[in-house]
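Each chain, written out:
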Amino acid sequence: MTTEPILRGDILSPVTEAPRATWRDYLALTKPKVISLLLWTTLTAMVMAARGWPGLGLLVVVSLAGYMSAGSAGVFNMIVDRDIDLKMKRTANRPTSSGLISTRDAAIFGTALQVLSFLMLWFWATPLAAWMSLAGFFTYVVVYTLWLKRTTWHNIVLGGAAGCFPPLVGWAAVTGDLNLFAWFLFAIIFFWTPVHFWALALMIKEEYREVGIPMLPVVHGDRLTVAQIGLYAVYTVVLSVMPVFIGEVGLLYFVVALILGGLLLARSWRLYRHVMGGGAVERRVAVPLYLYSMLYLALLFVAGAVDRVLTA
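Residues numbered from 1 in each chain as written. Predicted model: local features only at pLDDT ≥ 70, side-chain atom pairs only at ≥ 80, totals over all residues. Heavy atoms only, no water.

**So, the nonpolar core**
Then step 1. Of all hydrophobic cores here, the largest spans 85 residues; its most connected members are W198 and Y208.
Then step 2. Here this core takes 17 residues from helix α9 (residues 180–203), the largest share from any one element.
Then step 3. Once you skip the residues sitting within four places of it in the chain, Y208 turns out to touch M88, R90, F197, A201, I213, M215 and V218.
Then step 4. Counting residues in hydrophobic clusters, the runner-up holds 10 residues, among them L29, F76, I79 and V141. (Core = buried A, V, L, I, M, F, W, Y, C linked by side-chain atoms within 4.5 Å. Buried < 20%, exposed > 50% of the residue type's maximum accessible area, 1.4 Å probe, protein only. Helix = DSSP H or I, 4+ residues; strand = E, 2+ residues; numbered from the N terminus. Contact = heavy atoms within 4.5 Å.)

Listed below in structure tokens is the structure:
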């Protein structure tokens, strides 16, 4: 931020110039922390599909295009939600809500990212990968952000499907098609998402309440939320072992999936027991589940990749 003096009568007054956005601000628009796990599921799915190394060139193309597509969705999410972001402590300093980057400039940036991503996947990977990436973008921006987020507590369940498309993109980039195992990867993330997100929503439910977003803890309270978390954790663990029974993965993956799933259920049970016992939601019981859920998904996909490479 700079100032320059302007002489007004006999008083020398500093006039403050508006701060200018930097590349870091545009990077923040893409939500890089969120994208890291999405890219991880994309790249490990590529290894699973190839049953080995998918090739450096393809890996680089899909990584860059995947980041740009998910980043574009993040940009448009910030554009649409700039009014509520400004009212929430966690998001008040985002470039769009703070006014650092105009809606027009953000929209141009987001559009450019999405178009370039689609073209890269179409020409240098496969058309199906390009369409799957675009489907993920559409689900996040239109289905979740524009439609469900402000209208129903089912927002994160149905809208969370946007985060399920990355492994489909990775798989399609390698094979040009989608088999049953690829759709199991989609389903695992679909049922994992409420476990992960509602653990966070419990901690910041008052912020959602203040801005009128009907997240599950706001609409139905903590008890139903932890019960739903437990239910979706069970669904996730059951789905995670199903690929073993269709012959797509073997014993290594099965053992790792059971161990990881057991820990996910244990952390979900701890949160459930604490809240049902009359305790208020505390960071010491909600944060471990939230953080572990990310590690769970990352390691589960690694286990799938390693298992398929070793049994190729």
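After that view of the structure, there is still more to cover.
**Here's the deal with empty space enclosed by the protein**
Then step 1. The final tally for this structure, using the stated rule, is 1 cavity of 30 Å³ or more.
Then step 2. What the largest cavity holds in volume is close to 40 Å³.
Then step 3. For the largest cavity, the full set of lining residues is M48, F181, L185, I188, Y253, L300, F301 and G304.
Then step 4. Those elements that place two or more of their residues in the lining of the largest cavity are α9 and α13 (283–310).
Then step 5. Looking at side-chain class alone, the lining of the largest cavity contains 7 nonpolar, 1 polar and no charged residues. (1 Å grid on protein atoms, 1.4 Å probe; cavity = no way out; pocket = protein on both sides within 12 Å on 5 of 7 lines; lining within 4 Å. Points joined across faces, edges and corners; volume = space filled by probe spheres on them. Nonpolar A, V, L, I, M, F, W, Y, C, P; charged D, E, K, R; others polar.)

**Some points on helix α12 (residues 251–276)**
Then step 1. An ideal rise of 1.5 Å per residue puts 38 Å on 26 residues; α12 measures up with 36 Å between its terminal C-alpha atoms.
Then step 2. Burial in α12 covers these residues: Y253, A257, L260, G261, L264, S268, L271, H274 and V275.
Then step 3. Where α12 terminates, the next one or two residues include G278, which has phi positive at roughly 100 degrees. (Expected span 1.5 Å × (residues − 1).)

**Topic: the environment of T126**
Then step 1. If you trace the backbone, T126 turns up in the loop between α5 (103–124) and α6 (127–148).
Then step 2. Measuring from C-alpha to C-alpha, the distance between T126 and W192 comes to 28 Å, with 66 residues separating the pair along the chain.
Then step 3. In this structure, T126 is in contact with L121, A172, A173 and G176, ignoring residues within four places of it in sequence.

**A closer look at the packing of helix α11 (residues 216–245) against α13**
Then step 1. One can describe the packing of α11 onto α13 by two numbers: an axis separation of 13 Å at closest approach and a directional angle of 10 degrees. Comparing their axes, α13 and α11 come out roughly parallel. When the axes of α11 and α13 are compared, the crossing they make is left-handed. Residues I229, T236, V237 and S240 of α11 form the contact with α13, whose own contacting residues are L289, Y296 and L300.
Then step 2. The residue makeup of the contact of α11 with α13, split by class, is 5 nonpolar, 2 polar and no charged. (Axes fitted to C-alpha atoms, helices over the stretch in contact; angles between N-to-C directions. Parallel < 35°, antiparallel > 145°, perpendicular 65-115°, else oblique. Left-handed = near helix turned anticlockwise from the far one by under 90°.)

**Overview of unusual backbone geometry**
Then step 1. Despite not being glycine, K31 has its phi angle at roughly 55 degrees, a positive value.
Then step 2. Locating K31 in the fold gives a position in the loop between α1 (23–29) and α2 (32–50).

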